[in-house]
Amino acid sequence: MSGVATALLSRGVGFVAPIVLVPLTLPYFGTDLYGLWMAVVALVGMASFADLGLGSGLMTKLAPCYAHGDDRRAQGYVSSAYLALSLLAAAMIAVLWLLADTIAWTSLFNVAGEVTQAQTRLIALLCLTAFLVNVPLALITRVQYAYQQVGRSNIWQAVASLTGLGLVLAVVAAGLSPLLVIVASVAAPPLVNAVNTVWFFRRAHRTIRPRLRAVDARTAWELTRLSGLFFVVTVVMSLGTNADTLVIAHVLGLSAVAGFVVPAKLLAQLGQLVVLINVPLWPANGEALARGQLGWVRRTTRRMTVLSVLFAAVPAVSLVCFGDRLFAAWLPVPIDDDRWLLAGLAVWWIIQAALSPRFMVQNAAGVVVPQLVGWVAFLALSIPGKWYGARWFGAAAVPWVGAAGYALTVLPAALYGYRRTLRRSPAPAQEREVEPIAV
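Remember, predicted model here, so these are calculated numbers, not experimental data. (Residues numbered from 1 in each chain as written. Predicted model: local features only at pLDDT ≥ 70, side-chain atom pairs only at ≥ 80, totals over all residues. Heavy atoms only, no water.)

1. Structural notes on the overall build of the protein chain
Worth spelling out the cut-off: In DSSP terms, a helix is any run of H or I states spanning at least four residues, a strand is any run of E spanning at least two, and both are numbered starting from the N terminus. Classification of residues uses two cut-offs on accessible area relative to the type maximum, computed with a 1.4 Å probe and protein chains only: under 20% is buried, over 50% is exposed, and between them is partly exposed. Note on contacts: a residue pair qualifies if any of its non-hydrogen atoms lie within 4.5 Å across the two residues. The Shrake-Rupley method, run with a 1.4 Å probe, gives the accessible areas here. Residue values count only the displayed protein chains as cover.
For the protein chain, the helix and strand inventory stands at 17 helices and 0 strands. The buried share of the protein chain, reckoned over its 439 residues, is 53%. Pairs at least 24 residues apart make up 85% of the contacts formed inside the protein chain by residues separated by at least 6 positions. Carbon and sulfur atoms make up 66% of the accessible area of the protein chain, which totals about 18700 Å².

The following block contains the structure:
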């Protein structure tokens, strides 16, 4: 239960941080500049596949290494992942800055009004560069989860949120440029991840710390082969779930982005909470499936489904009922408080919460193809649906279209993949009742 408790702490901090920052940064930036910032953040979210699936593959591979005490093999996986992502991040940063002047940033984000072309270019470069720097540094979270240090990992993530909050408040209090506010915001995650990485590999687990000589071609190939499937799924998933802001920016303009992104960000924190609660199941399910403890997997999945839905539904429904009062009292700049928008966002996250535990079972076994089929179908169906929905009915239609598309495509694929995973893992004659870990 420590993982759940610290997940609540981490997401609680992550939930409070934007609540504190939005009423300060929105009037500080103005609606157009703030809308641009959020559109860039959405683009960065769509680039979450930049780790090539190595983070997911690494966690799947490390779980059995930890269970059997195989530090040598674990060090090979860790070293290969860090080397590959460090080289990749360095190359992508170089390409980004070399091609920065050739990219039509203003067209990409549909910039108009008081925001200049130079501001658009600089904000995009700042956010994307910080994201790429953080790509190899973010591996530490996967390693800690695989090594059953869920609580510590969640605390470090809470520290990152608090660090970003403190830096932004300091810049705003000093009356400095909005660009420095963005720098303060994007610098916190890589900074804290770097400190966490040094602490973990120098103090907690020196025997698996990344070394160049520990990179092994066979181990690297095993990791890369599995990571490739996770990479493709992550690409499609990122495009499908992060396109909303860009669709609204192009169809309705940047001024409409703020009215959508504020409630969307609040409810997204609930989604992140559900993820943090369920991710520890990933290595735990891997260990249980290897032992043939299918009964434990089924029971835990059912319990976590109920828990996930409750964690998402209770605050989501509260926001639908009282969101208009919250926004009126909280924000100095009025935004759209359409209840249909709030309800659509609530339904979207509740459906995802219900399926999250089943995805953890599939990920643990490396059953990725059903997820890929479902998300490809979702992407093909939802993007044009959201575009026309926004044009005909406004921003409130976007989450409803997404929820409907998700129910028609990802939901059946997730249920099929879950059953397939259990069929592939035959139980022994008498299952042991020892739980792999305490979630």
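2. With respect to the side chain of Lys-386
Examined against the element boundaries, Lys-386 turns out to sit in helix H16 (residues 369-393). Owing to a relative accessible area of 1%, Lys-386 belongs among the buried residues under this scheme. Beyond its immediate stretch of four places on either side in the chain, Lys-386 contacts Gly-240, Asp-244, Val-247, Phe-378, Val-398, Val-401 and Gly-402.

3. Thoughts on helix H13 (residues 281-291)
H13 sits mainly inside the fold: 8 of its 11 residues count as buried. Along H13, the residues that are buried comprise Leu-281, Trp-282, Pro-283, Ala-284, Asn-285, Glu-287, Ala-288 and Leu-289. Positive backbone phi, at 80°, marks Gly-292, one or two positions downstream of H13.

4. Re the packing of helix H3 (residues 54-68) against helix H7 (residues 139-146)
As a reminder, the rule being used: Simply put, an axis is a line fit to the C-alpha atoms, just over the touching stretch for a helix, and the angle between two N-to-C directions goes from 0 to 180 degrees. Note on terminology: angles under 35 degrees are roughly parallel, angles over 145 are roughly antiparallel, angles of 65 to 115 are roughly perpendicular, and the others are oblique. Crossings are classed by handedness, with left-handed meaning an anticlockwise turn of the near helix from the far one by less than a right angle and right-handed meaning a clockwise turn.
Running from N to C, H3 and H7 cross one another at 30°; their axes reach a closest spacing of 8 Å. Considering the angle they form, H3 stands roughly parallel to H7. Between H3 and H7 the crossing geometry is right-handed. From H3, Gly-55, Ser-56, Leu-58, Met-59, Leu-62, Ala-63 and Tyr-66 reach across to H7, where they touch Leu-139, Arg-142, Val-143, Tyr-145 and Ala-146.

5. Points about a nonpolar patch on the surface
Stated precisely, the cut-off is as follows: Patches were defined on residues exceeding 30% relative accessible area and lacking a salt bridge, with like-charge contacts within 9 Å and nonpolar side-chain contacts (Val, Leu, Ile, Met, Phe, Trp, Tyr) within 5 Å. Salt bridge, as applied in this entry: a Lys or Arg side-chain nitrogen positioned within 4 Å of an Asp or Glu carboxyl oxygen.
Taken together, the side chains of Leu-83, Leu-87, Leu-212 and Val-215 present a nonpolar region at the surface, about 360 Å² in accessible area. On the secondary structure map, Val-215 appears in the loop between helix H9 (178-204) and helix H10 (217-242). Take Val-215: its relative accessible area is 31%, and that puts it in the partly exposed class.

6. A word on the pattern of salt bridges
Proximity of charged atoms lets side chains of opposite charge pair with each other. In total, this model carries 2 salt bridges according to the counting rule given. The residue Asp-101 makes a salt bridge to Arg-121 at a minimum N-O spacing of 3.0 Å. Taken as a pair, Asp-101 in the loop between helix H4 (71-98) and helix H5 (105-108) and Arg-121 in helix H6 (residues 117-137) lie far apart in primary sequence, 20 residues in all. One salt bridge connects Lys-386 with Asp-244, and the closest N-O pair in it is separated by 2.6 Å.

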